[in-house]
Amino acid sequence: MQTILLPFLFLAGLSVGSFLNVCIYRLPRGRSVARPPSACPACGAPVRRRHNVPVLGWLVLRGRCRDCGAPISVRYPLIELAGGFLFLWIALSFPQDWTLLFPLYYGCVLLVVVFTDLDLQLIPDSLTLPAIPIGFLYHGWIEGAWVDAALGFLVGGGSLWLIGEVYLRARGREGMGGGDVKLAAMMGAFLGWQSILLVLFLSSFAGGLFGIALIAFARKGGGAKIPFGVFLAPVGFLALLYGNAWIDWYLRFAGLSG
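Described below are features of the structure shown in this document. (Residues numbered from 1 in each chain as written. Predicted model: local features only at pLDDT ≥ 70, side-chain atom pairs only at ≥ 80, totals over all residues. Heavy atoms only, no water.)

Thoughts on the overall build of the chain
Counting its regular elements, the chain contains 9 helices and 0 strands. For the chain, the sequential pattern of α-helices and β-strands runs α-α-α-α-α-α-α-α-α. Against the globule reference of 18 Å for 258 residues, the chain gives a C-alpha radius of gyration of 20 Å, in line with a compact fold. With respect to the principal axes defined by its C-alpha atoms, the chain has extents near 60 × 50 × 30 Å. Scored against the burial criterion, the 258 residues of the chain give a buried share of 41%. In the chain, once contacts between residues fewer than 6 apart in sequence are set aside, the share between residues at least 24 apart is 67%. (Helix = DSSP H or I, 4+ residues; strand = E, 2+ residues; numbered from the N terminus. Rg over C-alpha atoms; globule rule 2.2 N^0.38 Å. Buried < 20%, exposed > 50% of the residue type's maximum accessible area, 1.4 Å probe, protein only. Contact = heavy atoms within 4.5 Å.)

Comments concerning helix α3 (residues 75–91)
For α3, spanning 17 residues, the distance from its first C-alpha to its last is 24 Å, which sits close to the expected 24 Å at 1.5 Å a residue. Buried residues along α3 sit against α1 (6–26), α2 (56–60), α4 (101–120) and α9 (229–253). (Expected span 1.5 Å × (residues − 1).)

Quick notes on the pattern of salt bridges
Any two side chains of opposite charge can pair, so long as their charged atoms come close to each other. The tally for this structure, following the rule as stated, stands at 4 salt bridges. In this structure, the salt-bridge partner of aspartate 119 is arginine 75, at a minimum N-O distance of 2.8 Å. Here aspartate 119 is found in helix α4, whereas its partner arginine 75 is found in helix α3, with 44 residues between them in sequence. A salt bridge links lysine 182 to aspartate 125, with the nearest nitrogen and oxygen atoms 3.0 Å apart. Within this pair, whereas lysine 182 is found in helix α7 (residues 178–191), its partner aspartate 125 is found in helix α5 (residues 125–142), the two being separated by 57 residues in sequence. (Salt bridge = Lys/Arg side-chain N within 4 Å of Asp/Glu carboxyl O.)

Description of unusual backbone geometry
Cis geometry marks the peptide bond from arginine 35 to proline 36, where omega comes out at -5 degrees. With respect to the helices and strands, the residue proline 36 is situated in the loop between α1 and α2. Look at arginine 62: it is not a glycine, yet its phi comes out positive at around 55 degrees. Inspection of the secondary structure puts arginine 62 in the loop between α2 and α3. The phi angle at glutamine 121 is positive, at roughly 50 degrees, despite the residue not being glycine. Looking at the element boundaries, glutamine 121 is found in the loop between α4 and α5.

Digging into the nonpolar core
In this structure, Met186, Met187, Leu191 and Leu232 are the most contacted members of the largest nonpolar core, which totals 53 residues. Elements represented by at least two residues in this core include exactly α1, α3, α4, α5, α6 (146–171), α7, α8 (193–217) and α9. At 11 residues, α4 tops the list of elements feeding residues into this core. Beyond its immediate sequence surroundings of up to four residues, methionine 186 is in contact with Tyr106, Val109, Leu110, Thr128, Ala131 and Ile132. (Core = buried A, V, L, I, M, F, W, Y, C linked by side-chain atoms within 4.5 Å.)

Concerning the packing of aromatic side chains
In the structure shown here, the tally under the stated rule is 9 aromatic pairs. With a centroid separation of 5.2 Å and 75 degrees between ring planes, the pair formed by tryptophan 89 and phenylalanine 237 is classed as edge-to-face. Here tryptophan 89, found in helix α3, pairs with phenylalanine 237, found in helix α9; they are 148 residues apart in sequence, far enough to count as distant. Assessed through its relative accessible area of 38%, tryptophan 89 is described here as partly exposed. Overall, phenylalanine 237 belongs to the buried group, its relative accessible area being 9%. Relative to phenylalanine 231, the ring of phenylalanine 210 lies with its centre 5.5 Å away and its plane at 55 degrees, an arrangement referred to as tilted. (Phe/Tyr/Trp six-rings, centres within 6.5 Å; stacked < 30°, edge-to-face > 60°.)

Structure below.
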């Protein structure tokens, strides 16, 4: 991409990041992301347009509501910055044409998933279900791999569904949320079956290490619920960018490729 366009792309990512903040709060609560306009959660005063500028608005207000003085979480500008850098990262990794919209959309969905799952242990269907056909379009139509997209969808969703069913029957309680199953199915449609297997392995490994640390240091015990989407989404994002390189490295390491 031409260097002169990168600042504009970063600004676009900041603006989208501001919208993603709205999605993170409202979607899991079943609220519209369009209305009403953004307001202070403490006093309900609407955010003035001049204060709704990504990052700068938070800095001008010094992290506090102009009307009631309640603190505004620093997470808001950080997510806006994450949107900006996410746009740059993806744009530098994919062809700079209209098809860039697909990986940008995928990255935005995963960014929202991390925080909804972290906050409420919930991955809204309104995020993952519409993304499944978009994943098929991207991997099947743009990349010409319809069968791989279908297998990725089945392997991703089917693997976690099966794990959840086995756990439920063995322990008598839910061990894998339906949101995780739909998220893995969506990522499988975008990535294909080989990459989604890698994602499931790496995210399970990371989640397992976190669970061990939780038991060892936080004394939570084995019944603590771990939001798996917090691990699944970042690994799924990296797999979109580097999954093929990871698979090629493994095949060479295992002596399965020349």
